[in-house]
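Residues per chain, in single letters:
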Amino acid sequence: MHLREVDANLLVILDALLTDASVTRAAERLGRSASAVSHALAKLREIFSDELFVRAGQRLVPTAKAQELAPTVHVILAGMESLLRPDKPFDPTLADRDFFVAASEAGELIMIQPLRNHLSEAAPNVRVGWMAGSGEDSIEALRNSRCHFAVDLESTAIPAPDIRSSKLFDDHLVVLGRPGHPLANKRPRPEDFAAATHVAVNALPAYDLMARKFAESGHLLPPPEKVSSVLVGLLLALNSDALLTVPTSLAQILEKQFSLIRIAQPLEPVGLPVRLLWHSSYDRDECHQWIRGEIAKLVGDRDGNA
């Protein structure tokens, strides 16, 4: 099939189906009938020689082919919109988009919730959802458009040239314990620090990074008690002598809300650069660009008020 035989409206419908995972919701978004969207889906299946979507209950689940097409379709439509209104600046108050951010619980508290609060006024129809993700899982989610941003809390190299990054701020690790903890109000020796019970949140690399630095200096930290969430780690630290290691940006939130105190570390705290990651297919997406700028502003405001 030649390009001249493909109706651009089919790509608009494909993009809506990828966003809404529902013929009915896609039709409502586009102001068309459900039968028109179903007819377009049939045509798209013929063009790409693939089912594109399969039904799972009330939702349409994209096939691997549809996930592969998603970033390119986004870029094509963003380019077409820019071409048709070259002199009209992007207006966030008129945008109607859904974005997902892959992050740990720490990233959600530090970045996503402040962004949601900001968007409720600056762009009321732009919605940001959270999904759990870190490391290679986040990279794959960016590539297949299951998420559009990832908050990266690990000091690792960018894994591939199709992944873009922007440094948000420099963080470092702190250790929290209950008031009156045996290690409070003094700088513990490495062996005393290692003898304590340590808690590590599964989705947060904090304790592993600290243990790595201790190992490099010739000291070994014990295997931690692994917990499923920051909340569980917080409760353990509050009700026992367990120590919880988290980024400073998260510790500032926990210290304000709970009666935890900082425990001095025998070694210099581990530095933790925080980055925002996205896929290169969204480089020229105006709404995506605008959100990246707003995140940078929020980070600047947070650092200025810290």
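Since the model is a prediction, treat every value here as computed from it, not as a measurement. (Residues numbered from 1 in each chain as written. Predicted model: local features only at pLDDT ≥ 70, side-chain atom pairs only at ≥ 80, totals over all residues. Heavy atoms only, no water.)

Enquirer: Explain the packing of helix α1 (residues 8-20) against helix α3 (residues 34-48) to me, please; I cannot follow it from the model alone.
Expert: The description of two packed helices rests on the angle between their axes and on the distance between the axes. Orientation of α1 relative to α3, taken along the N-to-C sense of each, is 105°, at an axis distance of 10 Å. For the element pair α1 / α3, the angle class is roughly perpendicular. Counted together, Leu10, Ile13, Leu14 and Leu17 of α1 and Val37, Ala40, Leu41, Lys43, Leu44, Ile47 and Phe48 of α3 form the full contact between these two elements. (Axes fitted to C-alpha atoms, helices over the stretch in contact; angles between N-to-C directions. Helix = DSSP H or I, 4+ residues; strand = E, 2+ residues; numbered from the N terminus. Parallel < 35°, antiparallel > 145°, perpendicular 65-115°, else oblique. Contact = heavy atoms within 4.5 Å.)

Enquirer: So what exactly am I meant to see when it comes to the pairing of strand β4 (residues 126-132) here?
Expert: Consecutive residues of a regular strand have side chains that alternate between opposite faces of the sheet. Bridging between strand β3 (residues 97-103) and β4 involves seven bridges; their strand directions are parallel. Paired with phenylalanine 100 across the two strands is glycine 129, which belongs to β4. A crossover links β3 with its parallel partner β4, the connecting element being helix α5 (residues 105-122), and its sense is right-handed. (Pairing = 2+ DSSP bridges. Right-handed = clockwise from strand over helix to strand, strands pointing away.)

Enquirer: Looking at this structure, I do not really get the side chain of aspartate 171. What am I missing?
Expert: On the secondary structure map, aspartate 171 appears in strand β6 (residues 163-177). A distance of 2.4 Å separates polar atoms of two side chains, one belonging to aspartate 171 and the other to serine 249. (Polar contact = N/O pair within 3.5 Å; in protein donor to acceptor, adjacent residues only side chain to side chain.)

Enquirer: Any chance you could explain the pattern of salt bridges here in plain terms?
Expert: Oppositely charged side chains can pair when the atoms bearing their charge come close. Using the criterion set out here, one finds 15 salt bridges in the structure. The closest approach of N and O atoms between aspartate 285 and arginine 97, which form a salt bridge, is 2.9 Å. Taken as a pair, aspartate 285 in the loop between β11 (271-279) and α11 (286-305) and arginine 97 in strand β3 lie far apart in primary sequence, 188 residues in all. Note that arginine 116 is salt-bridged to glutamate 108, the shortest N-O span being 3.7 Å. (Salt bridge = Lys/Arg side-chain N within 4 Å of Asp/Glu carboxyl O.)

Enquirer: Explanation requested: the side chain of serine 281 in the structure shown.
Expert: Examined against the element boundaries, serine 281 turns out to sit in the loop between β11 and α11. In this structure, serine 281 is in contact with Pro71 and Val75, ignoring residues within four places of it in sequence.

Enquirer: What's the story with unusual backbone geometry in this structure? I'm lost.
Expert: Glycine aside, residues mostly have negative phi angles, and peptide bonds mostly take the trans form. Even without a glycine there, the phi angle at serine 49 is positive, about 50°. Counting through the fold element by element, serine 49 comes out in the loop between α3 and β1 (53-56). Positive phi, normally seen in glycine, also occurs at asparagine 185, with a value near 65°. Here asparagine 185 is to be found in the loop between β6 and α7 (190-195).

Enquirer: It is not clear to me how α1 should be interpreted in this structure. Could you clarify?
Expert: Note that an α-helix has 3.6 residues per turn; residues three or four places apart therefore point the same way. For α1, with 13 residues, the first-to-last C-alpha span of 19 Å sits near the 18 Å given by 1.5 Å per residue. Along α1, the positions that sit buried rather than exposed are Leu10, Leu11, Ile13, Leu14, Asp15, Ala16, Leu17 and Asp20. Phi turns positive one or two residues past the end of α1, at alanine 21, with a value near 55°. (Expected span 1.5 Å × (residues − 1). Buried < 20%, exposed > 50% of the residue type's maximum accessible area, 1.4 Å probe, protein only.)

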